[in-house]
Amino acid sequence: MLPPPGPRIVDFKKNIRDTVGYHDELKRYWHYQDSIKNSKARILIGVHDFIINNEIRNGKFDLSPFKNNKKFDFQYASKFPEERFWDVEDKKSGMPAGTIEISNIKFNKNKTLGTISASASCGGGKCGQGFEITIEKKSGKWHITKIKNTWVS
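Fair warning: this is a prediction, and the values are worked out from it, not measured in the lab. (Residues numbered from 1 in each chain as written. Predicted model: local features only at pLDDT ≥ 70, side-chain atom pairs only at ≥ 80, totals over all residues. Heavy atoms only, no water.)

### Quick look at the side chain of Ser 103
Relative to the elements of secondary structure, Ser 103 occurs in the loop between strand E7 (98-102) and strand E8 (106-107). A residue is classified by how much of its surface remains accessible, and Ser 103, at 10% relative accessible area, is buried. Within polar-contact distance, the side chain of Ser 103 engages the backbone nitrogen of Ser 117 at 2.8 Å. (Helix = DSSP H or I, 4+ residues; strand = E, 2+ residues; numbered from the N terminus. Buried < 20%, exposed > 50% of the residue type's maximum accessible area, 1.4 Å probe, protein only. Polar contact = N/O pair within 3.5 Å; in protein donor to acceptor, adjacent residues only side chain to side chain.)

### Details of the environment of Val 152
With respect to the helices, strands and loops of the structure, Val 152 is situated in strand E11 (residues 141-152). Overall, the relative accessible area of 61% leaves Val 152 in the exposed class. Taking the C-alpha atoms as reference points, Val 152 and Ala 120, 32 residues apart in sequence, are found 9.8 Å from one another. Aside from chain neighbours lying at most four places away, what touches Val 152 is Gly 128 and Gln 129. (Contact = heavy atoms within 4.5 Å.)

### Regarding the side chain of Thr 99
Assignment of secondary structure puts Thr 99 in strand E7. For Thr 99, a relative accessible area of 4% puts it in the buried group. A polar contact is formed between the side chain of Thr 99 and the side chain of Glu 83, at a distance of 3.3 Å. Within the structure, the side chain of Thr 99 is placed 2.6 Å from the side chain of Ser 121, a separation counted as a polar contact.

### Considering the state of the cysteines
Within this structure, the stated rule accounts for one disulfide. Note on cysteine connectivity: Cys 122 is disulfide-linked to Cys 127, with sulfurs 2.3 Å apart. (Disulfide = S-S within 2.5 Å.)

### Comments concerning helix H1 (residues 22-38)
The α-helix winds at 3.6 residues per turn, so residues separated by three or four positions along the chain end up facing the same way. In this model H1 runs 24 Å from its N-terminal to its C-terminal C-alpha over 17 residues, within 8% of the 24 Å that 1.5 Å per residue would give. Of the residues making up H1, those classed as buried are Tyr 22, Leu 26, Tyr 29 and Gln 33. Taken end-on, H1 shows its buried residues confined to a sector of 60°, consistent with a single buried face. For H1, the exposed residues set more than 90 degrees away from the buried face come down to Lys 27, Arg 28, His 31, Tyr 32 and Asn 38. (Expected span 1.5 Å × (residues − 1). Arc of directions from axis to C-beta.)

Now the structure itself:
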């Protein structure tokens, strides 16, 4: 989801902002975000079939734990045409809204900390973001401790 809009800067030197209509624009933004969150429709997401391990694709990504997700329908991206041919504006096309790709976990020596590289793109490959996710084992359970943006397109 996109971040909320900010007031437009009219004069950078004096940092003057144009706030006329800003509250209405912000209200429309939050209404739209709420409609996405409250929607009962399942969103189709393409998952790259293989896990990235040191830039080599290996190990088929297991989608079975996500089978009963109520919000998202995860399917292998290889089931669809090449992403650049997706038309996400055509709601009847049956193409995913976007794709995700994930790496193997890179652990520290003690296997108490790990990092995962992940990326997400909007359908048709028109935009995307990369992330580095840090996980830590605390009291026998893994927790996400940090998510760092690594790239945006």
